[in-house]
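Observations on the model geometry
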Amino acid sequence: MNIFFMSMGCAKNSVDSEHLIGLLEAGGHKIVGNSNDAQAGLINTCGFIQDAVKENIDAILDLEALKERGKLEKIIVTGCLVNRYEADLRRELPSVDLWAGAEERDKILDFLSEGTSPVHRTTNCLPRGLLPDGSPWTRCLKVGEGCDTFCSYCTIPLIRGRLRSVPVPELVEEARSLCASGAKELCLVGQDLTAYGRDIDGTPHIRDLLSALDDALPEGTWLRLLYLHPDRVTPEFLDFLAEKEKVLPYLDIPIQHIDDAILAAMNRSPASAHIRKIFRYLREKNPLFTLRTTIMVGFPGETEEQFSRVLDFLEEMEPDRVGAFLYSPEEGTKAALLPGQIPDEIKEERYERLMSLQAEISQERNALFVGKRLQVLVEEIEGAETPGRSPIHDSDADALDSCSAWGRSWRDAPEVDGMVCIEDGAGLEPGDLVEVEITDAAEYDLFGRRLRS
């Protein structure tokens, strides 16, 4: 059967989608990128926050419209949205043929088997397909499922349950397979990498995993670590990472806030001093180390003074990248019941101030690389639109005009960070690694010329 596949939400969800695609392809089904060529529409949903819920329901409604016009025979909905709201969805969307939870792959395979023998895999070593718009040279490796941290604003434990880590040997096997199929960059993803393995014997085993991957993977592989809870990041752990050949000097450490009272209300340790300590340690150890963090704006009870502490922190620590988002009161979370909910207009005004400041900081950090050489993984050849390319200043128009390819350096995580504009990219192909000398910098993007050997 031809299946039109939609994957919504985060990188972790994309890994689930790739596993499901691998199983479907092993069962004889074909994934197509156009609904006109499909008999079935399958959407792997996100239900993390209300904006995502609305976006995903709209996507399901689009599939319903196709079915009503006779363009699709079947609709299958799986993923986090089903875990969170299945009973309501069944009532409101009766034309959906199958609802399946985030890990109910066999249910989908059975439904689509139509009398044939579906492929069932009960271990975590599942085959991996590739999303229609996926990149074979940059892949995500999901280290586990669920979370035991229970931040007061977060729905993940409600949707995905408690922490369940994938054993090290299985992750190494999967990582080797991804590299053998062309991956040059592996992004380790999970709700919290620093907690990896703690569900097994009470002790985190992230060092064991990283050591095994560093030893097992081909020379030159990029290992990028996404989401490390600051409480469990220590100077000793940072020293350990620096010793690993394939681990990039890039960390995503979402702090969410810096005021201790707000952190406590979030059910996170009131550890502002510790957060400053590890950020400062990284900056002193390697001034060019790339730090990404996440800030939540407008948490219940946040005062102007507490928000100002966040701005002061950004000015003091100068993170290279910041992802900020407005607090959303989510059903079933403790934070949704807290007094002092902040009006949307105040959240938005604070968000704009934060991002304006961070744009200046990001440009200053990018400017440090002008005149330096960076290895760049080519993503797009000019002539095709580059998804996620950030806006640039008018003063950079000449640099943009001379750009013939776009890629990412070790400083740039896929989809969420900036890119590198490459002059004279003739003959390059997506997935190539090329050395680039940086000649100019904007808030998020860098510009450079290709160096030829």
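Structure: above.
This section reports on the structure supplied with the text. Given the structure is predicted, the values throughout are model-derived calculations rather than measurements. (Residues numbered from 1 in each chain as written. Predicted model: local features only at pLDDT ≥ 70, side-chain atom pairs only at ≥ 80, totals over all residues. Heavy atoms only, no water.)

Structural notes on empty space enclosed by the protein
Any space left empty among the atoms is revealed by the rolling of a water-sized probe across them. Which entries qualify depends on this criterion: As defined here, a cavity is a set of points on a 1 Å grid over the protein atoms alone where a 1.4 Å probe fits but cannot get out. A pocket is an open set with protein on both sides within 12 Å along at least five of seven lines, and residues line them when an atom is within 4 Å of a point. Grid points are joined across faces, edges and corners, and a volume is the space filled by probe spheres set on the points. All residues other than Ala, Val, Leu, Ile, Met, Phe, Trp, Tyr, Cys, Pro, Asp, Glu, Lys and Arg, Gly among them, are scored as polar; the first ten of these are nonpolar and the last four charged.
In total, this model carries five cavities of 30 Å³ or more according to the counting rule given. Approximately 90 Å³ is the volume attributed to the largest cavity. Taken together, Phe48, Ile49, Tyr153, Cys154, Thr155, Met296, Phe325, Leu326, Tyr327, Ser328 and Glu330 form the lining of the largest cavity. The class makeup of the residues in the lining of the largest cavity is eight nonpolar, two polar and one charged.

Observations concerning the pattern of salt bridges
Counted only if it meets this: A carboxyl oxygen of Asp or Glu within 4 Å of a side-chain nitrogen of Lys or Arg is what we treat as a salt bridge. For helices the rule is a DSSP run of H or I covering at least 4 residues; for strands it is a run of E covering at least 2, with both sets numbered from the N terminus onward. For every residue, the accessible area obtained with a 1.4 Å probe (protein chains only) is divided by the maximum for its type, and the residue is called buried under 20%, exposed over 50%, and partly exposed between those limits.
Tallied over the entire structure, the rule returns 38 salt bridges. Put simply, Arg160 and Glu145 hold a salt bridge, and the shortest N to O gap is 2.8 Å. A residue pair is termed long-range when its members are at least 10 positions apart, and Arg160 in helix 5 (residues 156–160) and Glu145 in strand 7 (residues 144–145) qualify at 15 residues. Take Arg160 and Glu145: they sit in the same class, and that class is buried. The shortest N-O distance in the salt bridge between Asp192 and Arg232 comes to 2.2 Å. Separated by 40 residues along the polypeptide, Asp192 in the loop between strand 9 (185–189) and helix 7 (198–201) and Arg232 in the loop between strand 10 (222–225) and helix 9 (235–242) bring together distant segments of the chain. Each of Glu302, Glu304, Glu349, Arg350 and Arg353 takes part in one network of salt bridges that share partners.

Digging into the packing of helix 9 against helix 11 (residues 272–285)
For the record, the criterion: Helix axes are fitted only over the stretch in contact, all axes being lines through C-alpha atoms; the angle between N-to-C directions runs from 0 to 180 degrees. Here is the rule for handedness: rotate from the far helix to the near one, and if that takes an anticlockwise turn smaller than a right angle the crossing is left-handed, while a clockwise turn gives right-handed. It only takes one pair of heavy atoms within 4.5 Å for two residues to be counted as in contact.
Running from N to C, helix 9 and helix 11 point in directions that differ by 35°, and their axes come no closer than 10 Å. Considering the relative orientation of helix 9 and helix 11, their crossing is right-handed. Packed against helix 9, whose contacting residues are Pro235, Leu238, Asp239 and Ala242, the element helix 11 presents Lys277, Ile278, Tyr281, Leu282 and Lys285 at the interface. In terms of residue class, the contact of helix 9 with helix 11 is made up of six nonpolar, no polar and three charged.

Structural notes on unusual backbone geometry
The backbone phi angle of Gln256 is positive, close to 70°, even though this residue is not glycine. In this fold, Gln256 is placed in the loop between strand 11 (247–252) and helix 10 (260–265). At Glu318, a residue that is not glycine, the phi angle is positive and equals roughly 50°. With respect to the helices and strands, Glu318 occurs in the loop between helix 12 (304–317) and strand 13 (321–326). You can call Glu318 partly exposed: its relative accessible area is 29%.

Here's the deal with the nonpolar core
We apply this condition: Note on terminology: a nonpolar core comprises buried Ala, Val, Leu, Ile, Met, Phe, Trp, Tyr and Cys residues joined through side-chain atoms within 4.5 Å.
Leu188 and Leu354 are the most contacted members of the largest nonpolar core, which totals 63 residues. Broken down by element, this core gets its largest block of residues, six residues, from helix 12. The residues touching Leu188, leaving out its near neighbours within four places in the chain, are Leu141, Val143, Leu193, Leu209, Leu210, Leu213, Leu223, Arg224, Leu225 and Leu226. Grouped together as the second largest cluster of nonpolar side chains are 25 residues, Tyr250, Val378, Ala441 and Leu446 included.

Overview of the side chain of Asn13
Residue position: Asn13 is located in helix 1 (residues 11–26). Classification of Asn13 as buried rests on a relative accessible area of 3%. Setting aside chain neighbours within four positions, we find Asn13 in contact with Ser7, Met8, Asn44, Thr45, Cys46, Cys80 and Arg160.

So, the sheet that holds strand 18 (residues 446–450)
Strand pairs in the sheet, formed through backbone hydrogen bonds, run parallel or antiparallel to each other. This is how it is decided: DSSP calls a pair of strands paired once it identifies at least 2 bridges connecting them.
One closed barrel holds the five strands; their spatial order is 14-15-16-18-17, and the pairing between them is mixed. Sheet twist, expressed as the mean angle between neighbouring strand axes with direction ignored, is 55°. In terms of strand pairing, strand 14 (residues 373–381) meets strand 17 (residues 433–441) through five bridges, oriented antiparallel. Residue Arg373 lies in a different strand from strand 17, and its bridge partner there is Glu437.

Digging into a negative patch on the surface
Rules: Like charges within 9 Å and nonpolar side chains (Val, Leu, Ile, Met, Phe, Trp, Tyr) within 5 Å are joined into patches, using only residues over 30% in relative accessible area that form no salt bridge. Per-residue and other accessible areas follow the Shrake-Rupley method at a 1.4 Å probe size, with only the shown protein chains counted as cover for residues. Under the counting rule used here, the positive set is Lys and Arg, the negative set is Asp and Glu, and His together with the chain ends is not counted. A single reference atom marks each charge: NZ on Lys, CZ on Arg, CG on Asp, CD on Glu.
A cluster of acidic residues, Asp312, Glu315, Glu360 and Glu364, forms a negative patch at the surface. Counting only elements with at least two residues in the negative patch, the list comes to helix 12 and helix 13 (344–367). Summarising the element assignment, Glu364 is placed in helix 13. The class of Glu364 is partly exposed, set by a relative accessible area of 48%.

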